[in-house]
Number of protein chains: 2
Amino acid sequence: VSEPCRYRATVAYVGTFFHGWQRQKNAERTVQAAVEKALAKIAGRPVTVHASGRTDTGVHADGQVVHFDLLAALTPERLREGANGLLPWDVKLLEVARVPAGFHARRDAVWKEYLYRWSRAKVIPPSEALVVAPLSGRADAVAMAEAARLLPGERDFGVFAVRRLHGQSGVRTLYGVTLEQRGDEVRALFRGDGFLRGMVRSICGVLADVGRGKAPAERISRLLASGDRRLLSPKADACGLTLMRVSYEESTNCPKLNP
Amino acid sequence: VSEPCRYRATVAYVGTFFHGWQRQKNAERTVQAAVEKALAKIAGRPVTVHASGRTDTGVHADGQVVHFDLLAALTPERLREGANGLLPWDVKLLEVARVPAGFHARRDAVWKEYLYRWSRAKVIPPSEALVVAPLSGRADAVAMAEAARLLPGERDFGVFAVRRLHGQSGVRTLYGVTLEQRGDEVRALFRGDGFLRGMVRSICGVLADVGRGKAPAERISRLLASGDRRLLSPKADACGLTLMRVSYEESTNCPKLNP
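Since the structure is predicted, the reported quantities are computational estimates derived from the model, not experimental observations.

Draft legend 1. How the structure looks around the overall build of chain A. Assigned secondary structure in chain A consists of six helices and ten strands. Its C-alpha radius of gyration of 19 Å places chain A within 12% of the 18 Å reference for a compact globule of 259 residues. Each principal axis of the C-alpha atoms in chain A carries an extent, and together these give about 65 × 40 × 40 Å. Here chain A, with 259 residues, has 53% of them falling under the buried criterion.

Given below as structure tokens:
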């Protein structure tokens, strides 16, 4: 009997046609179930896949990270190719590596990066429509950038969590938020040591209202200071959100984003 | 009774989940049927949509052009918004305009542009996988560009047509073919006064074999000179091909692409 090997994989998916990351009892199509099914076929027995964190229904990933154990000692390349051949078009393993048995995708994560994409085009072309959310053509990206600058720091972000937190701390460190325009597109990139459930989409809802002139940039400061959820805007659509990267390195460089 | 108005629309679609452009009797999902259904709902009666040309199953469009007639005199903006609200995610009207009753999307087209995209990445991320075809990481884009330079001109391209032409002329003018690398990606852009059925994918199949070192760049010249279909490579996958643009203007500028 061979020793189990632990593997780390970087997983990319278009979340549109999945009911989120997490496997569900009611047999909904989820990313975790799809990856576990492919790996089980290769391993010849059930495999449990542990992610750095869940993503909600409709949210995408360019760099979700997972770990899992296999008894079969396959090379990472063969495992990646075998799994990708079995996986549907909307989820693939970008990279696979063997890691020490102590590695844990969620507990060892040091920081994460999320990207939110809006388009101010009159019509979003189908080739981008799954991963970009609509925004009014008149939206003011300069005001949105001003609001985004009020976010970084070690703060209680509990007001932006999808549910009120009972006992649990809402304190997280946002290293940086950069908001940039690229043609019709407005992008917000968030880097932090952790994100509360629904936090990025809730922040982006406020940013979009700031862009539309429905809220002043200072709304962000008032939300953070007061924790008053009545000041929130509707949450931004899941379709615009992508988990870009999970880092496991305590970089000697400050992970602050360039302004 | 009002006069019928003729409209021109620019249509974008991800072709993956359609059985090509053309409406079919067997109720397959086609782009034409989807657009006609949306317009019929708005018009309250059947509408026939005429495209600049068909695209095959799995081929995409960023700028297909169509014309159709409506009795209702709707503004182009309302028509676009109404239709897009009814259309599925994978096909949208990017622009709608009223045009003179004599306008004909196919007969009046002066030139067209097709783009073929390959990726040399080990794994193509799902967010691009629908519109990019895989190519070996070792493929030589310089050799492919060399082969592409042998294509432009007024020539008989019949050897690249999906079927032997009976009587019909295979002569078309390719104004230019540009092949460029962008990171892992290799792109070939074709501009010409007309394209035979299957011609771009057949050419791209040869270009890919040149990149892989399975054929010399001169294979293109030999194919054009001999018309010998035994020298062809397998046709490139539909998923990499996008109809980018249809032009109706006899530009005073030569439509030759920049080298």
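Draft legend 2. Broad picture of the interface of chain B and chain A. Contacts between the two partners involve 20 residues from chain B, matched on the other side by 20 residues from chain A. Buried area between chain B and chain A, both sides added, is near 1400 Å², and the carbon and sulfur share of it is 77%. Together, W89, V123 and P126 of chain B form the three largest contributors to the area buried by chain B at its contact with chain A, with a combined 41%. One can count zero salt bridges joining chain B with chain A. Inspection of the region where chain B meets chain A yields zero residue pairs in polar contact (both at pLDDT 80 or more). Of all the secondary-structure elements, those providing two or more residues to the side of chain B that touches chain A are β1 (5-13), α2 (76-86), β4 (91-99) and α3 (126-129) of chain B.

Draft legend 3. Looking closely at the relation of the copies chain B and chain A. Of the transformation superimposing chain B on chain A, the axial component is 0.0 Å and the angular component is 180°, with the fit at an RMSD of 0.0 Å. Interpreted geometrically, this transformation is the action of a two-fold axis. A share of 100% of the interface residues of chain B reappears at the interface of chain A, consistent with the copies meeting face to face through the same patch.

Draft legend 4. Main features of the confidence of the model for chain A. Of the residues in chain A, 95% reach a pLDDT of 70 or more, and the chain-wide mean stands at 94. Both confidence scores are given for the complex: pTM 0.92, ipTM 0.88.

Draft legend 5. Fine view of the state of the cysteines. Residue and element names in this part refer to chain B. Under the counting rule described, the total for this entry stands at zero disulfides over all chains. In this structure C204 is not part of a disulfide, and its nearest cysteine sulfur, from C239, lies 11 Å away. Look at C204 and you get buried, because its relative accessible area is 0%.

Draft legend 6. Geometry of the pairing of β1 of chain B. Residue and element names in this part refer to chain B. Of all nine residues in β1, eight are buried; the element is thus mostly enclosed. Here β1 pairs with strand β3 (residues 60-70) via eight bridges, running antiparallel. Directly across from C5, in β3, lies its bridge partner L70. With eight bridges joining them, β1 and β4 adopt antiparallel strand pairing. Of the residues in β4, the one forming a bridge with A12 is K92.

Draft legend 7. Spatial organisation of helix α6 (residues 219-226) of chain A. Residue and element names in this part refer to chain A. Every buried residue of α6 is listed here: R219, I220, L223 and L224. Along the long axis of α6, the arc covered by the buried residues comes to 135°, so they all point the same way. For α6, the exposed residues lying more than 90 degrees away from the buried face are R222 and A225. Packing partners of the buried residues in α6 comprise α4 (141-148), β7 (153-156) and α5 (199-211). At the C-terminal side of α6, G227 shows a positive phi close to 65°.

Draft legend 8. Broad picture of the packing of aromatic side chains. Applying the stated criterion across every chain, the model contains 14 aromatic pairs over all chains. The rings of F17 and W89 of chain A together with F17 and W89 of chain B are connected pair by pair, giving a single aromatic cluster. One residue, R8 of chain A, lies across the ring of F103 of chain A, its end atom 5.5 Å from the ring centre. The ring of W111 of chain A carries R191 of chain A above its face, with NZ or CZ at 4.2 Å from the centroid.

Draft legend 9. Representation of the side chain of K92 of chain A within the structure. Residue and element names in this part refer to chain A. By the element assignment, K92 lies in strand β4 (residues 91-99). Buried charge without a salt bridge: K92, with D90 as the nearest opposite-charge side chain at an N-O distance of 7.7 Å. Here L87 takes part through its backbone oxygen, which lies 3.1 Å from a polar atom of the side chain of K92.

Draft legend 10. Spatial organisation of the packing of helix α1 (residues 31-43) of chain B against α2 of chain B. Residues and elements named next belong to chain B. With their axes 9 Å apart at the nearest point, α1 and α2 run at an angle of 120° to one another. Here α1 is positioned oblique relative to α2, judged by the angle of their axes. Classified by chirality, the crossing of α2 by α1 is right-handed. Between α1 and α2, the residues in contact are A38, L39, K41 and I42 and L79, G82, A83 and L86, respectively. Tallied by class, residues from the contact of α1 with α2 come to six nonpolar, one polar and one charged.

The rules behind these values
- Residues numbered from 1 in each chain as written.
- Chains lettered and ligands numbered in written order.
- Predicted model: local features only at pLDDT ≥ 70, side-chain atom pairs only at ≥ 80, totals over all residues.
- Heavy atoms only, no water.
- Helix = DSSP H or I, 4+ residues; strand = E, 2+ residues; numbered from the N terminus.
- Rg over C-alpha atoms; globule rule 2.2 N^0.38 Å.
- Buried < 20%, exposed > 50% of the residue type's maximum accessible area, 1.4 Å probe, protein only.
- Contact = heavy atoms within 4.5 Å.
- Buried area = accessible area lost by both parts, 1.4 Å probe.
- Salt bridge = Lys/Arg side-chain N within 4 Å of Asp/Glu carboxyl O.
- Polar contact = N/O pair within 3.5 Å; in protein donor to acceptor, adjacent residues only side chain to side chain.
- Least-squares fit on C-alpha atoms with pLDDT ≥ 70 in both.
- pLDDT = per-residue confidence, 0-100.
- Disulfide = S-S within 2.5 Å.
- Pairing = 2+ DSSP bridges.
- Arc of directions from axis to C-beta.
- Phe/Tyr/Trp six-rings, centres within 6.5 Å; stacked < 30°, edge-to-face > 60°.
- Lys NZ or Arg CZ within 6 Å of the ring centre and 35° of its normal.
- Lys, Arg positive; Asp, Glu negative; His and termini not counted.
- Axes fitted to C-alpha atoms, helices over the stretch in contact; angles between N-to-C directions.
- Parallel < 35°, antiparallel > 145°, perpendicular 65-115°, else oblique.
- Left-handed = near helix turned anticlockwise from the far one by under 90°.
- Nonpolar A, V, L, I, M, F, W, Y, C, P; charged D, E, K, R; others polar.

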